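Chain and residue survey
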Amino acid sequence: MISTITIDGKTVPFTEEQTIMDAALAAGVYIPHLCHNPEFKPHGSCKLCVVEANGRNVTSCTMPASPGMVVVNDTPELNEDRKALVQMLFVEGNHICPACEATGNCQLQAAGYYLHMQSPHFMHFYPPRRVDASHPDIFLDLNRCILCELCVRASRDIDKKSVFGISSRGIDSHLVVNSESGRLGDTSMAVTDKAAHVCPTGAILIKRKGYTVPMGKRLFDQKTLPEFHLEQQKRVEPEDGPDGG
Amino acid sequence: MMQSPDLPDIEQRIALLCERHGCEPRRLLQILIDVQEIYTFIPPQALTAIARHLPLPRVSVEGVAGFYSFLSLEPAGQYRILFSDNVTDRMLGNEELMRQFCNKLWLEPGKVSEDELVSADFTSCTGMCDQGPAALINGWPVTRLNRERIDLIADLILAKSPVASWPPTLFEVNDNIRRTDRLLDESFEPGSAIKAAVTRGAEAIFTELKLSRLRGRGGAGYKTAEKWITCRNSPAPARYIVCNADEGEPGTFKDRVLLNRLADTVFEGMTVGARLLSSAKGFLYLRGEYRYLLEKLEEILARRREAGLLGSNILGEPGFDFDIEIHLGAGAYICGEESGMIESLEGRRGKPRNRPPYPAQHGYLDQPTVVNNVETFACAAMIAVHGGKWFGETGTWESSGSKILSISGDCHWPGIYEYPFGVSVQKILEDCGAQEPYAVQVGGPSGILVSWQEFERSISFEDLPTAGAFTIFQRGRDILEAVRNYAHFFAHESCGFCTPCRVGTQLQKKIVDKIANGHGTASDLEELKHLGHLMRTLSHCGLGHAAPNPVLDMLQKFPGAYEQKLTSLSFEPAFDLDAALATARRITGRDDPSAHLP
Ligand SMILES: Cc1cc2nc3c(=O)[nH]c(=O)nc-3n(C[C@H](O)[C@H](O)[C@H](O)COP(=O)(O)O)c2cc1C
Ligand code: SF4
Ligand code: SF4
Ligand code: FES
């Protein structure tokens, strides 16, 4: 027998070991998310994907689905809260979208659009953050880092290099790289590494590629964040995947 | 970046040190604490060398070193003084003492002196609230600070006198036990609880535990018997017992006294647990602030091994093997959260795990693990000896037994008070000699701010649950200042993993500051409620869930604390131009009216 949950009234099947997020994405149901990427181990830090499951708030990208679970996802209240989270991510860093190479390709920006964010709302922190251009092919700009740890996971689990990690605590938490000098150029990072291509924002950029696609023709000029994320899911599913292939 | 100092033999020293810890990655935090003790900070070469020996990616070693407040990645001086910054230290004038100290030594708070001799900073509550203001000097607690003591300390530092030879009176820590009940009254014969467990059998002790209705003393009040049974019923090759002595909740210091007085009872509770759960290994997670108790506790453990109460074949029972390892913390409140604690025990950043699974099923090294508070283990030992019925005779039905409270703030006799559960706030205030009490923070900043109108409420899981903190504010105290102190605490202690807490605690702190500085508006109050909602409903762990508590309690119960501070405007920019000019004023040494904006 196949077990199911419901998400906003829609019946969604799931297999053992699947989280609410896995089941939703496989069924083409969109739950907003930033730190989740189906290619990597779930992380659960951005909290955009929080849903109500059986009356309790849970993090859908890490919470296992269980038979009969009643999930509430796409409500004005939850989306309001998600918008506030995106606003928090904006003000704690330095995001100057019009001047950013990643504009139009950035999931943080796209999440802002999707959630109808009109302004940052909260006071800006203007933190001093590091920029590292020491690597011949990769540019690291921590002003735009949202601490999703996708690069950390990609480098550790896929590239087997552990080039990235997080140090410090609280609001001082920041990305660090695997070298005594603290410079990316002194690590074993290569431009072909998975970790170079997973950043949802413009914190990790490939040098000399910035403006090959003109603004207006970029990723999120063509599609919405939900469309992008649901396609991302399709790419990782095996042929006879959870939704029948 | 700072030029790293020349440390010729660092390679060999780190190699030896790692070897002494078996080159085990899970010992990483302990290794880093040792490095800090040798070099007074953690040099970059040390991180590289440790990474090579364990072996771990260097980036992970750096991540762990950066997480804990007591570890410093930059030189912090031969003498590092950290002033405890609980609200009680504030009320006793710690800020003035810090100023005096810094003036005397030409220091700027948070910075190391030019000759790299000394640095001074604030740290979260060090658990000496009954004998503050307090500080840590190179990790050793100094209590009852006053002008004379600060002068003395400054002179000792200028004379470069080694801390070990400073007058012992500076480091005196008193137990201050003022009221005893069931737990503190009864004498305890080492070995008696284990004997009961061995002769009566595990099932009988489980029955006594259930009968006792014992609930965890660390705050959440989970039923101890249930937790232990879940752990026992989780099939696994190994199970672990962890005693939570992180005692990080500001205003709480009863575990400090329990470990100083009743360590045998606590260790015995853990050993009874080991018998019931077939566990061979336990940990005492001792907060870095209580490092001064380490040698004494190690001695007690050694004595217990000699007496056959720890080690192999305990009390001659073949196969009853259990030992306890003490693991030091290093200044991180979040490591009191049980899954953060387990991460820390495994040598990582103290980041709370995703739940489910819960530690009782998947804990230390992914094995079933019970984490309990110090007091909970002491209770368990007493229940093994005296039975569940004896234990449940006091207290209320929902909250059986007695509770040890840490009382501080505005009262004549701060210290340790043991009461049966159900005691009223009013009765406690009378007993400790509180004059004109106005408010009490029960359970620390994560707990409940109780106003004078609610003093008939009772200490119990059904009314006012608490891990033990009881901080008294008398009439005339500025509640907003207390709440501000708490808001700063949460912002400083957030682990930074999840967005709502990492950013929310900062925003909350900034807004409370803005109100305290007289720039708040009605819309800031709404914003605080909004942030409270976000932190409570979206955060990853209990820290974020509790972080808005003091602020929301104040908004609801103490309008007088902030209303007259609000400006009449409905909107005031968060950016204060005049305040931003403060640096320029300091540099130019000016503070005259024309150096300020009109
Ligand atoms: C942020 C945070 C800090 C905590 N600090 C402590 C602590 O210092 N001591 C403690 O016993 N429990 C603390 N706890 C509770 C523990 O997670 C856990 O519930 C407790 O140790 C269980 O023991 P008990 O059942 O005996 O109370 C903390 C919880 C949170 C969320
Ligand atoms: S650099 Fe990018 S991928 Fe890495 S943690 Fe920051 S935002 Fe995430
Ligand atoms: S709630 Fe705070 S302390 Fe807990 S995981 Fe999130 S950031 Fe860390
Ligand atoms: S997507 Fe689930 S927490 Fe980030």
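Here the structure is a predicted model, which is why all the values come from computation and not from measurement.

As for the nonpolar core
Among soluble globular proteins, nonpolar side chains are generally buried collectively. One finds A:I5, A:I20, A:F164, B:L32, B:I50, B:Y68 and B:I479 to be the most contacted residues of the largest nonpolar core, which totals 224 residues. In terms of residue count, helix α16 (residues 374-386) of chain B provides more of this core than any other element does, nine residues in total. Among all residues touching B:Y68, those that are not within four sequence positions of it are A:R169, B:L29, B:Y285, B:A330, B:G331, B:A332, B:C335, B:S344, B:R348, B:R349 and B:G350. Residues B:F83, B:A135, B:I137 and B:I157 belong to the second largest nonpolar core, which totals 24 residues.

As for the packing of aromatic side chains
Residue and element names in this part refer to chain B. Scanning the model with the defined rule gives 18 aromatic pairs over all chains in all. Measuring from centroid to centroid gives 6.2 Å for W228 and F377, while their planes differ by 35 degrees, and the two rings are tilted. Of this pair, W228 sits in helix α11 (residues 224-233) while F377 sits in helix α16, and the two are 149 residues apart along the sequence. For the pair formed by W228 and F377, the shared burial category is buried. An aromatic cluster is built from Y79, W166 and F171, whose rings are joined through pairwise contacts. Taking NZ or CZ as reference, R232 lies 4.6 Å from the ring centre of F206, over its face. For K351, the ring lying beneath its charged end belongs to F497, and the centroid distance is 4.4 Å.

Examining the side chain of B:D181
Tracing the chain through its elements places B:D181 in the loop between β5 (177-179) and α8 (182-185). Setting aside chain neighbours within four positions, we find B:D181 in contact with B:T394, B:S402, B:E418, B:Y419 and B:P420.

Some remarks on the environment of B:G329
Residue and element names in this part refer to chain B. Of note, G329 is situated in the loop between β8 (323-328) and α15 (338-345). You can call G329 buried: its relative accessible area is 6%. A sequence separation of 103 residues divides G329 from E226, and the C-alpha atoms of the two residues are 28 Å apart. For G329, the contacting residues outside a window of four places in its chain are L29, I33, Y285, L286, R287 and G288.

Considerations on the site of ligand 3
The local shell around ligand 3 holds 13 residues, among which B:C495, B:C498, B:C501, B:C541 and B:G544 are the closest. Of the residues that constitute the shell around ligand 3, the class distribution is eight nonpolar, five polar and no charged.

Here we look at the pairing of strand β11 (residues 415-420) of chain B
Residue and element names in this part refer to chain B. Burial analysis of β11 places five of its six residues in the buried class, the great majority of the element. The pairing of β5 with β11 spans two bridges and is parallel. Directly across from R179, in β11, lies its bridge partner Y417. With six bridges connecting them, strand β10 (residues 402-409) and β11 associate as antiparallel partners.

What about unusual backbone geometry?
Residues and elements named next belong to chain B. Of the consecutive residues R355 and P356, the connecting peptide bond is found in the cis state with omega at -5 degrees. With respect to the helices, strands and loops of the structure, P356 is situated in the loop between α15 and β9 (369-373). Put simply, P356 and P357 share a cis peptide bond, and its omega is 0 degrees. As for its placement among the helices and strands, P357 is situated in the loop between α15 and β9.

Overview of the domain arrangement of chain B
Residues and elements named next belong to chain B. When the domains of chain B are assigned, the result is domain 1 (7-67), domain 2 (79-174), domain 3 (178-392), domain 4 (404-477) and domain 5 (480-563). If you look at the interface, domain 1 gives 11 residues, while domain 3 gives 20 residues. Of the roughly 1,100 Å² buried where domain 1 meets domain 3, counting both sides, 52% is carbon and sulfur surface. A per-residue breakdown of the area domain 1 buries against domain 3 is headed by R26, L29 and F67, which together make up 55% of the total. The tally of links from domain 1 across to domain 3 stands at three salt bridges. When the shortest N-O distance is used, the salt bridge between R27 and E325 registers 2.5 Å. Viewed at the interface, domain 3 and domain 1 are joined by seven residue pairs in polar contact (both at pLDDT 80 or more). Among the elements of the structure, α2 (28-39) and α4 (58-67) are those that each provide at least two residues to the side of domain 1 that touches domain 3. With five residues, the top contributor of residues to the side of domain 1 that touches domain 3 is α2.

As for the sheet that holds strand β3 (residues 135-137) of chain B
The strands making up a sheet are joined through hydrogen bonds of the backbone, oriented either antiparallel or parallel. Residues and elements named next belong to chain B. Strand order across the open sheet formed by four strands is β2-β1-β3-β4, with mixed pairing between neighbours. What marks the edges here is a single partner per strand, and that holds for β2 (118-123) and β4 (140-142). When the angles between neighbouring strand axes are averaged without regard to direction, this sheet yields 25 degrees. Inspection of the sheet shows strand β1 (residues 79-84) paired to β2 by six bridges, in the parallel sense. Bridge pairing in β2 places Y79 opposite V118.

Some words on the interface of chain A and chain B
Many authors give the size of an interface as the accessible area that is lost as the parts come together. Each partner contributes residues to the interface: chain A has 39 residues there, and chain B has 44 residues. Inspection of the chain A/chain B interface yields two salt bridges. One salt bridge connects B:E493 with A:R169, and the closest N-O pair in it is separated by 3.1 Å. There are 21 residue pairs in polar contact (both at pLDDT 80 or more) connecting chain A and chain B. Residue contributions to the side of chain A that touches chain B peak at six residues, all from helix α2 (residues 76-92) of chain A. In terms of residue class, the side of chain A that touches chain B is made up of 19 nonpolar, 15 polar and five charged.

Calculation notes
- Residues numbered from 1 in each chain as written.
- Chains lettered and ligands numbered in written order.
- Predicted model: local features only at pLDDT ≥ 70, side-chain atom pairs only at ≥ 80, totals over all residues.
- Heavy atoms only, no water.
- Core = buried A, V, L, I, M, F, W, Y, C linked by side-chain atoms within 4.5 Å.
- Buried < 20%, exposed > 50% of the residue type's maximum accessible area, 1.4 Å probe, protein only.
- Helix = DSSP H or I, 4+ residues; strand = E, 2+ residues; numbered from the N terminus.
- Contact = heavy atoms within 4.5 Å.
- Phe/Tyr/Trp six-rings, centres within 6.5 Å; stacked < 30°, edge-to-face > 60°.
- Lys NZ or Arg CZ within 6 Å of the ring centre and 35° of its normal.
- Near = heavy atom within 4 Å.
- Nonpolar A, V, L, I, M, F, W, Y, C, P; charged D, E, K, R; others polar.
- Pairing = 2+ DSSP bridges.
- Domains from an automatic or database assignment.
- Buried area = accessible area lost by both parts, 1.4 Å probe.
- Salt bridge = Lys/Arg side-chain N within 4 Å of Asp/Glu carboxyl O.
- Polar contact = N/O pair within 3.5 Å; in protein donor to acceptor, adjacent residues only side chain to side chain.
- Axes fitted to C-alpha atoms, helices over the stretch in contact; angles between N-to-C directions.

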